Number of protein chains: 2
Amino acid sequence: MDIEETAERIRTGDRRALARAITLAESSRADHRERAEALLAVLLPATGGSVRLGISGPPGVGKSSFIEAFGSRLIEEGHRVAVLAIDPSSRVTGGSILGDKTRMERLARSPEAFVRPSPTGGSLGGVARRTREALLLCEAAGFDVTIVETVGVGQSETAVADMVDLFLLLLPPAGGDELQGIKKGVVELADLVVVNKADGDLLASARRAAAEYQSALRMLRPTTADWQVPVLQVSAREERGLDEVWQAVGRFRAALGEAGLARKRAAQARAWMWSEIDDSLIRAFRAHPAVAARLAEAEAAVSEGRQPAATAARELLAAFLGRT
Amino acid sequence: MDIEETAERIRTGDRRALARAITLAESSRADHRERAEALLAVLLPATGGSVRLGISGPPGVGKSSFIEAFGSRLIEEGHRVAVLAIDPSSRVTGGSILGDKTRMERLARSPEAFVRPSPTGGSLGGVARRTREALLLCEAAGFDVTIVETVGVGQSETAVADMVDLFLLLLPPAGGDELQGIKKGVVELADLVVVNKADGDLLASARRAAAEYQSALRMLRPTTADWQVPVLQVSAREERGLDEVWQAVGRFRAALGEAGLARKRAAQARAWMWSEIDDSLIRAFRAHPAVAARLAEAEAAVSEGRQPAATAARELLAAFLGRT
Ligand SMILES: Nc1nc2c(ncn2[C@@H]2O[C@H](COP(=O)(O)OP(=O)(O)OP(=O)(O)O)[C@@H](O)[C@H]2O)c(=O)[nH]1
Ligand SMILES: Nc1nc2c(ncn2[C@@H]2O[C@H](COP(=O)(O)OP(=O)(O)OP(=O)(O)O)[C@@H](O)[C@H]2O)c(=O)[nH]1
Ligand SMILES: [Mg+2]
Ligand SMILES: [Mg+2]
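Residues numbered from 1 in each chain as written. Chains lettered and ligands numbered in written order. Predicted model: local features only at pLDDT ≥ 70, side-chain atom pairs only at ≥ 80, totals over all residues. Heavy atoms only, no water.

A. Summary view of the overall build of chain A. Along its length, chain A carries 13 helices and seven strands. For chain A, the residues scored as buried account for 56% of the 324 residues in total. Considering only contacts in chain A between residues 6 or more positions apart, those separated by 24 or more positions represent 76%. Accessible surface, chain A as shown: approximately 13,600 Å² in total, 51% of it carbon and sulfur. (Helix = DSSP H or I, 4+ residues; strand = E, 2+ residues; numbered from the N terminus. Buried < 20%, exposed > 50% of the residue type's maximum accessible area, 1.4 Å probe, protein only. Contact = heavy atoms within 4.5 Å. Areas by Shrake-Rupley, 256 points an atom, 1.4 Å probe, with all protein chains shown as cover.)

B. Broad picture of the interface of chain A and chain B. In this complex, chain A contributes 58 residues to the contact, which on the side of chain B involves 57 residues. Note on chain A versus chain B: buried area summed over both sides is about 5,000 Å², and carbon and sulfur give 70% of it. Inspection of the chain A/chain B interface yields two salt bridges. As a salt-bridge pair, R314 of chain A and E37 of chain B come within 2.4 Å of each other at their nearest N and O atoms. The tally of links from chain A across to chain B stands at eight residue pairs in polar contact (both at pLDDT 80 or more). At the level of elements, α3 (30-43), α8 (124-140), α10 (203-220), α11 (242-287), α12 (289-303) and α13 (309-320) of chain A are the ones that each hand at least two residues to the side of chain A that touches chain B. With 15 residues, the single largest contributor to the side of chain A that touches chain B is α11 of chain A. (Buried area = accessible area lost by both parts, 1.4 Å probe. Salt bridge = Lys/Arg side-chain N within 4 Å of Asp/Glu carboxyl O. Polar contact = N/O pair within 3.5 Å; in protein donor to acceptor, adjacent residues only side chain to side chain.)

C. Structural context of the relation of the copies chain A and chain B. Mapping chain A onto chain B calls for a screw motion: a turn of 180 degrees about the axis and a shift of 0.0 Å along it, with 0.0 Å RMSD after fitting. Taken together, the rotation and translation describe the operation of a two-fold axis. Looking at chain A, 97% of its interface residues are interface residues in chain B too, so the copies touch through the same face. (Least-squares fit on C-alpha atoms with pLDDT ≥ 70 in both.)

D. Seen up close, the sheet that holds strand β3 (residues 113-115) of chain B. Residue and element names in this part refer to chain B. Taking strand neighbours across the sheet as the criterion, the seven strands line up as β3-β2-β4-β1-β5-β6-β7 in an open arrangement whose pairing is parallel. Taken across any chain shown, the strands that pair with only one partner, and hence form the sheet edges, are β3 and β7 (231-233). Strand-to-strand twist across the sheet, computed as the mean angle between neighbouring axes with direction ignored, equals 25 degrees. Inspection of the sheet shows strand β2 (residues 81-86) paired to β3 by three bridges, in the parallel sense. Bridge pairing in β3 links V81 to A113. Here helix α8 (residues 124-140) sits on the sheet in contact with β1 (51-56), β2, β3 and β4 (145-150), set at roughly 175 degrees to β2. (Pairing = 2+ DSSP bridges. Axes fitted to C-alpha atoms, helices over the stretch in contact; angles between N-to-C directions.)

E. Expanded view of the site of ligand 1. Residue and element names in this part refer to chain A. For ligand 1, the set of nearby residues contains 16 residues, the closest of which are K63, S65, R103, D199 and A236. Take V61: an N or O atom from its main chain is 3.3 Å from an oxygen atom of ligand 1. The side chain of D199 places a nitrogen or oxygen atom 2.7 Å from a nitrogen atom of ligand 1. In the complex, the protein chains occlude 79% of the 650 Å² of accessible area that ligand 1 would expose alone. Of the residues belonging to the shell around ligand 1, the class tally is four nonpolar, six polar and six charged. (Near = heavy atom within 4 Å. Nonpolar A, V, L, I, M, F, W, Y, C, P; charged D, E, K, R; others polar.)

F. Focus on helix α11 (residues 242-287) of chain B. The end-to-end C-alpha distance of α11 of chain B is 49 Å, clearly below the 68 Å that 46 residues give at a rise of 1.5 Å each. The largest bend along α11 of chain B reaches roughly 90 degrees and is located at G257 of chain B. (Expected span 1.5 Å × (residues − 1). Bend = angle between axes of the 7 residues up to and from the residue.)

G. Looking closely at the pattern of salt bridges. In total, this model carries 40 salt bridges over all chains according to the counting rule given. Across the pair E26 of chain A and R116 of chain A runs a salt bridge whose closest N-O atoms are separated by 3.2 Å. Placement of E26 of chain A in helix α2 (residues 15-26) and of R116 of chain A in the loop between β3 (113-115) and α8 is noted, with a sequence separation of 90 residues between them. Both residues of the pair, E26 of chain A and R116 of chain A, count as buried. As a salt-bridge pair, E68 of chain A and R106 of chain A come within 3.6 Å of each other at their nearest N and O atoms. In this pair, E68 of chain A is assigned in helix α4 (residues 63-76) and R106 of chain A in helix α7 (residues 105-109), connecting sequence segments 38 residues apart. Judged by relative accessible area, which is 9%, E68 of chain A ranks as buried. Each of the salt bridges in this network shares a partner with another, and the network as a whole consists of R33, E37 and E133 of chain A together with R314 of chain B.

H. Highlighting the site of ligand 2. Residues and elements named next belong to chain B. Taken together, 16 residues lie around ligand 2, and K63, S65, R103, D199 and A236 are the ones closest in. Residue S65 places a side-chain N or O atom 2.6 Å away from an oxygen atom belonging to ligand 2. Within the backbone of A236, a nitrogen or oxygen atom sits 2.8 Å from an oxygen atom of ligand 2. Here ligand 2 has 660 Å² of accessible area as a free molecule, and 78% of this is covered by the chains.

I. Quick peek at the domain arrangement of chain A. Residue and element names in this part refer to chain A. Here the domain parsing of chain A yields domain 1 (1-45), domain 2 (47-256) and domain 3 (288-321). Between domain 1 and domain 2, the contact holds 16 residues from the first and 17 residues from the second. Seen at the junction of domain 1 and domain 2, the total is two salt bridges. Across the salt bridge formed by R33 and E133, the nearest N and O atoms sit 3.1 Å from each other. Between the two partners, domain 1 and domain 2, sit eight residue pairs in polar contact (both at pLDDT 80 or more). (Domains from an automatic or database assignment.)

J. Representation of the environment of K197 of chain A within the structure. All names here are of chain A. Along the chain, K197 falls in the loop between β6 (192-195) and α10. By relative accessible area, which is 30% here, K197 ends up partly exposed. Sequence spacing of K197 and E238 is 41 residues, and the spatial spacing of their C-alpha atoms is 8.7 Å. The residues touching K197, leaving out its near neighbours within four places in the chain, are G60, V61, P173, L202, V234 and S235. Within polar-contact distance, the side chain of K197 engages the backbone oxygen of G60 at 2.8 Å.

Here it is as structure tokens:
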């Protein structure tokens, strides 16, 4: 099928065409990548129309349950919701959301939702690129809320924050010492903090945790910003607090403004281009025969203090650029 | 003077030879850089013998006063102390420490201390490289405590943390909302938090602030680590608490262990080599005529959503690698 026809099918909401296009974007085969890029180039004018939400939080906090409840609520309101995942560990597990299918049953069945597990294999950079492209494809297919979930291993939260309009951090109803699962710097990425499981016996500790998070945030975020990060409480299980989350998303978008959002997305696109360039440059560098032949020895010499780092770097660069 | 002779002078503690070598390392002239690298290569076996401390904190917290008091105390104990600075804003101000000379009077006069302002000009990466090299030169000159200070603009704290054994964050005697000066993620770099100005009227708020910081840290750092970040209180003015800081430094080194320290430094050296390579690759990329000719249009196309980021990156890469 030619590119234009596939693009048209995606634009008119053909789910199988969308799924196949994402599969192409995820492929490591050069001809697949090329086709995916061509498709994306055609569809680009149809993208940008969704509220892009990133959601992260420690394992077991209830990300899947929250997305199921929140996404279902949005669909009741007339939205169309796409859920994508970034899981850098997916090389091993085969994707976190897949195993969660049961916890997103309603979404998985809804014609107004599209749930896609994390692409398997590859570096975080590669996974992030493919998820970005999947997000754009979902927008072209008319989904007006796109949710990118990550389980939060290492740098994946930053990758997610760099592709969404708003980054929501989901936290458990227990503050202080029990927040070990949270990685360095993640709290500071959050535009919105949501304490889940504010129900039953956990209600009181959820309230305490929210207060603790709020004071930690005050210490970490300048008060001068346009946006004060709110700490909300929800129960995914009892489906409470979900509308408040959506309202906070709306307030955040309003605070950004049209122009602010456009600037943010333009900066993200440029940063994405540069991270692609960085990745490719390093890959080309490592693959260069003259570099490959010397790299191990250079790293050893630098590690053991036999050669200054700058000297080793300069020599490898010269080899790469063909000056030796 | 030949390299060997200069190296010998530095090793035997000739301060003018050391100062000149650092000036060479800071120079952007290719022949100077070459000479500096050659010198460093000769001196490398004489490096590694210092306790490397990074110190950062918001403007006015008392970094200069603390280093003056702390460094003087160490000298009384028989140490030799070198103080270097990283100040990414130094392009404009001409270096932060220079203007502070008055606040490091004792150190500046002491034959057992060496105070060097931040190299002026250039990118943070460039400044960081030169400071690393200055640190190694100071070690070769027999300084057994090296302190790298940064005023904490943007990413400079990370650059400092990446070149020292221990990163000390100096904080004011006021927690909560007043901690606006602290940049994202910096608290999480700290191996040791020190509240300054714990004296006079400020004693009570210093104590309160220390407690607040301690609880914020509990929320940010996993309790499972080998090292619990201590929060100490000092007064640089009244020279109190300084021995406790030095003891904490010793405990940190002991917790790392000889092998741990060697591993940390080897990893830092490798990371330094890679950051040099990254910087140089990007510089070569931007300077390539075929890239330079297209870059502005590519960035605009990506920003405005006219071209997918991956496509723009691929095309620029092909131009750089001579494939178009
Ligand atoms: N009490 C209560 N339990 C909840 C709530 N949301 C989720 N849970 C429970 O928490 C557990 C984990 O929920 P998940 O939705 O799988 O959490 P997750 O964050 O997706 O977990 P991973 O995918 O493993 O990282 C399950 O046992 C849920 O039933 C809630 O709002 N209240
Ligand atoms: N009460 C009290 N004041 C202090 C103490 N240490 C420094 N100060 C005062 O705090 C002010 C700033 O001190 P500096 O040492 O210049 O602080 P700094 O962090 O180096 O400042 P910048 O270099 O501008 O970032 C001065 O007025 C000092 O006298 C202390 O221990 N107690
Ligand atoms: Mg899950
Ligand atoms: Mg100062």
